[in-house]
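The residues making up each chain are set out below.
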Amino acid sequence: MEQNKTQKKIDFDKILDQVRVFAPATVANMICGFDILGFAVDSPGDEVCMYRSAEPGVRIRSIQGDDGRLPLDPDKNTVSACVKMLLEKLDLQDDIGVEIELIKHMPIGSGLGSSSASTVAGLFAINALLGNPLDREELLPFCVEGERLACGHGHADNVAPALLGGITLIRGYEPLDVIKLPVPQDLYAGIVFPQVDVPTRDARQLIKAKVLLKDAVTQWGNIAGLIAGLFQSDYDLISRSMHDVLIEPTRAILIPQFYEMKQIAMDNGALSFGISGSGPSVVAITKGQEIAQVVADKIQEHLVANGIDSFKYVSSVNVEGPRVL
Ligand code: HSE
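Residues numbered from 1 in each chain as written. Predicted model: local features only at pLDDT ≥ 70, side-chain atom pairs only at ≥ 80, totals over all residues. Heavy atoms only, no water.

Novice: Which residues make up the site of the ligand, and what values do they have?
Specialist: In the vicinity of the ligand, the residues found are Ala28, Asn29, Phe34, Asp35, His155, Asp157, Asn158, Thr200, Arg204, Arg251, Gly277 and Ser278. Interatomic distance of 2.7 Å between a side-chain N/O atom of Asp157 and a nitrogen atom of the ligand. One of the side-chain nitrogen or oxygen atoms of Asn158 is found 2.9 Å away from an oxygen atom of the ligand. Relative to its free-state accessible area of 260 Å², the ligand is covered by the protein chains to the extent of 98%. (Near = heavy atom within 4 Å. Polar contact = N/O pair within 3.5 Å; in protein donor to acceptor, adjacent residues only side chain to side chain. Areas by Shrake-Rupley, 256 points an atom, 1.4 Å probe, with all protein chains shown as cover.)

Listed below in C-alpha cells is the structure:
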C-alpha cells in the first residue's frame, strides 16, 4: 500500500475511550463470480472491542474463540496490523494507543470470510474510536491489505460485502472499483460448514491458471445473468445463472460429500448450491427462509449420517455490514 499520509482533521477531545464493533461473515464468489462477487450474512460474525490507551501503539489484549490459532503479535495479527496501517496513514502512530480484544464467533478456514470479518471489525472500530475520519470506501484498501496478509492474496470479495453490506461486485482491482448490487427481498442462504479445514491459501493454489474459452464464455454469461436477475428480482434467472464451471470442479474434491449435498439442496427447492468462498462451507441460495432452513437441516442430517460434524447458519443478506454495538 502506498505510504502517503492522509490529512484528516481529528478532534482529539472527541476520541472515544472504547468501542465494540460487530462485522459479518460473507459468502464470497456467490458461486459463479470468483473473486468479484460476494454478500454479507446476518450471522455469524466477529467482534472487536477496542480500548484507547495512554501509551501509543497497537496491542492485542486477548483473542477468544480461535483455539489459540491466531497470533497475538500485533505485527502478525491481521486486525492489529491493519489498525497500525491506518494510524500510520493518518500520521497518528505516535499520538494514539489502542488495545484490542478480538472475539471470534466463527470457525477459521471455513470459507465464511473469517479473517475479513475480524479485519473489517478492527478497522471499523478504530475509525469509530477516532470519530469516523474515513468513510467506508476509504477503509476498503486497508481491509484488502488485511486479506493479503491473511492468505497471501488481496482479493476483495469478502472484505467488500463485510464492510459495505449487501451484495457487492468488484468491477475491477486496478484501481479497486466496487459496485453495490440490489438485494432481492426473499433471497436467503442456507450455509453448512463441514468441519474440515481448507485454508484459502491452499484452495487458491489448486485452481488452474488457464481456462478454456468455452468455459469462460459460460461463466461470464452466468455472471451477467445473475446480475440481471438481482436487478429484476428474477429468481428463475438467478437460479439459471448461479453455476460455476471454472472453480467448483477443482475445489469440490476438498469438500467431503459435496455432490451429495448439492443433490439434497436441489431436490429440496434451492435455487442454487455451491462452495462458499474457498470452502469447505457450502451454500444453498434459496427463495425464502423456510427452504434455506430445510436444506441446511437435511444437509446436516446427511453429514451426521456420514460421521462428519458441521455447523449450519440460515440468513438473509445483511445489508447493513458492520455496526457499533
Ligand atoms: N474469492 C476467494 C477465493 C474467496 O475463492 O479464493 C476466499 O474466501
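Read on for the rest.
Novice: Hey, could you go over the sheet that holds strand 8 (residues 272-275) for me, with residue numbers and the actual values?
Specialist: Here we have 4 strands laid out as an open sheet, ordered 8-9-7-10, and antiparallel in their pairing. On the outer flanks of this sheet lie strand 8 and strand 10 (310-316), each paired with one strand and no other. Each strand of the sheet is rotated relative to its neighbour by a mean of 20 degrees, with strand direction disregarded. (Pairing = 2+ DSSP bridges. Helix = DSSP H or I, 4+ residues; strand = E, 2+ residues; numbered from the N terminus. Axes fitted to C-alpha atoms, helices over the stretch in contact; angles between N-to-C directions.)

Novice: Lay out the domain arrangement of the protein in plain terms, naming residues and giving numbers.
Specialist: Here the domain parsing of the protein yields domain 1 (2-180 + 320-324) and domain 2 (187-316). The distance between the C-alpha centroids of domain 1 and domain 2 comes to 26 Å. Listed by partner, the interface residues are 33 residues for domain 1 and 39 residues for domain 2. Here domain 1 and domain 2 share an interface that buries about 2500 Å² over both sides, 64% of which is from carbon and sulfur atoms. On the domain 1 side of the interface with domain 2, the three residues burying the most area are Ile31, Cys32 and Phe34, jointly 28% of the side's total. At the boundary of domain 1 and domain 2, one finds 1 salt bridge. Asp35 is the partner of Arg204 in a salt bridge, and the nearest nitrogen-oxygen pair spans 2.7 Å. Our count for the domain 1 to domain 2 interface comes out at 11 residue pairs in polar contact (both at pLDDT 80 or more). Sorting elements by how many residues they give to the side of domain 1 that touches domain 2 places strand 2 (residues 37-53) first, with 7 residues. Taken together, the residues that form the side of domain 1 that touches domain 2 break down as 20 nonpolar, 10 polar and 3 charged. (Domains from an automatic or database assignment. Contact = heavy atoms within 4.5 Å. Buried area = accessible area lost by both parts, 1.4 Å probe. Salt bridge = Lys/Arg side-chain N within 4 Å of Asp/Glu carboxyl O. Nonpolar A, V, L, I, M, F, W, Y, C, P; charged D, E, K, R; others polar.)

Novice: Could you give me a rundown of the side chain of His155, with the residues and numbers involved?
Specialist: Structurally, His155 is set in the loop between helix 3 (136-151) and helix 4 (159-164). A polar atom in the side chain of His155 sits 3.4 Å from the side chain of Glu147. Within the local environment of His155, its side chain forms a polar contact with the side chain of Arg204, the two groups lying 3.4 Å apart.

Novice: An account of helix 2 (residues 114-129) is requested, with residue identities and associated values reported.
Specialist: Look at helix 2: 23 Å from first C-alpha to last across 16 residues, which is about the 22 Å you get at 1.5 Å a residue. Among the 16 residues in helix 2, 15 count as buried, and that is most of the element. Backbone geometry just downstream of helix 2 places Gly131 in the positive-phi region, at approximately 90 degrees. (Expected span 1.5 Å × (residues − 1). Buried < 20%, exposed > 50% of the residue type's maximum accessible area, 1.4 Å probe, protein only.)

Novice: Describe the packing of helix 2 against helix 3, listing the residues and the values that go with them.
Specialist: The geometry of helix 2 relative to helix 3 is characterised by a closest axis approach of 9 Å and an angle of 140 degrees between their N-to-C directions. Taken together, helix 2 and helix 3 sit at an angle that is classed as oblique. Handedness of the helix 2/helix 3 crossing: right-handed. Along the contact surface, helix 2 presents Ser115, Ser116, Thr119, Val120, Leu123, Phe124 and Asn127, while helix 3 presents Arg136, Leu139, Phe142, Cys143, Gly146, Glu147 and Ala150. Here the contact of helix 2 with helix 3 is built from residues that sort into 7 nonpolar, 5 polar and 2 charged. (Parallel < 35°, antiparallel > 145°, perpendicular 65-115°, else oblique. Left-handed = near helix turned anticlockwise from the far one by under 90°.)

Novice: Report on the pairing of strand 6 (residues 176-181), specifying residues and quantitative values.
Specialist: Bridge count for strand 5 (residues 167-173) against strand 6 is 6 bridges, and the pairing is antiparallel. Note that in strand 6 the partner of Thr168 across the bridge is Lys180. Hairpin connection from strand 5 to strand 6: 2 residues lie between these consecutive antiparallel strands.

Novice: Account for the nonpolar core, naming residues and giving values.
Specialist: Membership of the largest hydrophobic core comes to 44 residues, with the highest contact counts inside it found for Met50, Leu86, Ile126 and Leu130. At the level of secondary structure, the elements contributing two or more residues to this core comprise strand 1 (18-28), strand 2, strand 3 (57-64), helix 1 (78-89), strand 4 (97-103), helix 2, helix 3 and helix 4. Per-element accounting of this core gives the leading share, 8 residues, to helix 2. Residues within four places of Ile126 in sequence aside, it is in contact with Met50, Val83, Leu86, Leu87 and Val98. Residues Leu226, Ile227, Tyr313 and Val317 belong to the second largest nonpolar core, which totals 29 residues. (Core = buried A, V, L, I, M, F, W, Y, C linked by side-chain atoms within 4.5 Å.)

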